[in-house]
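What the coordinates show
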Amino acid sequence: MALTDDDDDMPQLSGSALNALKEFYGERDARQKQFEELKGKAEDDFEGKLSMDAFTEDWNASQFWYSDETATTLARQLLDGATNETKIAVVSAPSAFIQLKNLMKSGEYDCRPEIKLLEFDERFAVFKEFVRYDFEKAIQLPAEMKGAFDRIICDPPFLSEDCQTKAALTVRWLSKSWTPESLRLIVCTGERMESLVTIKLYGKVGTKTTDYEIMHAKGLSNEFRCYANFECEQWKWAKQ
């Protein structure tokens, strides 16, 4: 077909732009292959060390994964002193969940607590512990999960009072008991949520701001904090 005048006006990509585009698609295809391999290992209960690399962040869905070091630190606090009877709920914090599984497979811990990952992103359904979760439907969860958990980590996806309050309703619904003595709780969210988290939503279980610095794999512009209802080797209460 002969070229028309309109064809001459069509924009052409520069060599550097074409290379960047090729690199983008190459990385995308590599991640897709990695994810498909992960799915293929489901029946083998995921032998080997797990990584978040296959689960690309969707910033529009407010997905910001912790660094491996942070995720491991948080996971250790959920496993510290745990037994086979312990039940751990991971609410909207999949990178902490991945490190929980890695630590439990490492041989470092003898206990085998029950773990559930409550998460909106259905890519994580490749894990048997996955439970589909939407904070807008805070307690529309399997009935057997009500009042079943004695250790919970929660990272609400959005820095809004509405989202934080609904996520807290989920945490309260999941908790075996709403006392500092019977619940080990970690909440990771923005600094501007501090009074809401430590007073209104989780104050009754002794939740306070800690001095532990949450790090994200790709950085985060918002000031982020770790709130908890216990002190440990990794963190103390922040000085007010």
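What comes next concerns the included structure. What you are looking at is a predicted structure, and each value in this text was computed from that prediction instead of being measured.

1. What about the state of the cysteines?
Applying the stated rule across the entire model yields zero disulfides. For the unlinked cysteine Cys163, the closest cysteine sulfur is that of Cys154, found at 8.0 Å. The closest cysteine sulfur to the non-disulfide-bonded Cys188 is located on Cys226, 4.6 Å from its own sulfur. Looking at Cys188, the relative accessible area reads 0%, which means it is buried.

2. Looking at the pairing of strand β4 (residues 151-154)
Side chains Arg151 and Ile153 of β4 all project onto a buried face; the interleaved residues Ile152 and Cys154 project onto the opposite face, where all are buried too. Sheet topology note: the strand β1 (residues 87-91)/β4 ladder contains four bridges and is parallel. For Val90, the partnering residue across the bridge sits in β4 and is Ile153. With four bridges joining them, β4 and strand β5 (residues 184-190) adopt parallel strand pairing. From the neighbouring strand, Cys154 faces β5, where its bridge partner is Val187. Traced from β4 through helix α5 (residues 161-174) to β5, the parallel crossover comes out right-handed.

Analysis parameters
Residues numbered from 1 in each chain as written. Predicted model: local features only at pLDDT ≥ 70, side-chain atom pairs only at ≥ 80, totals over all residues. Heavy atoms only, no water. Disulfide = S-S within 2.5 Å. Buried < 20%, exposed > 50% of the residue type's maximum accessible area, 1.4 Å probe, protein only. Helix = DSSP H or I, 4+ residues; strand = E, 2+ residues; numbered from the N terminus. Pairing = 2+ DSSP bridges. Right-handed = clockwise from strand over helix to strand, strands pointing away.

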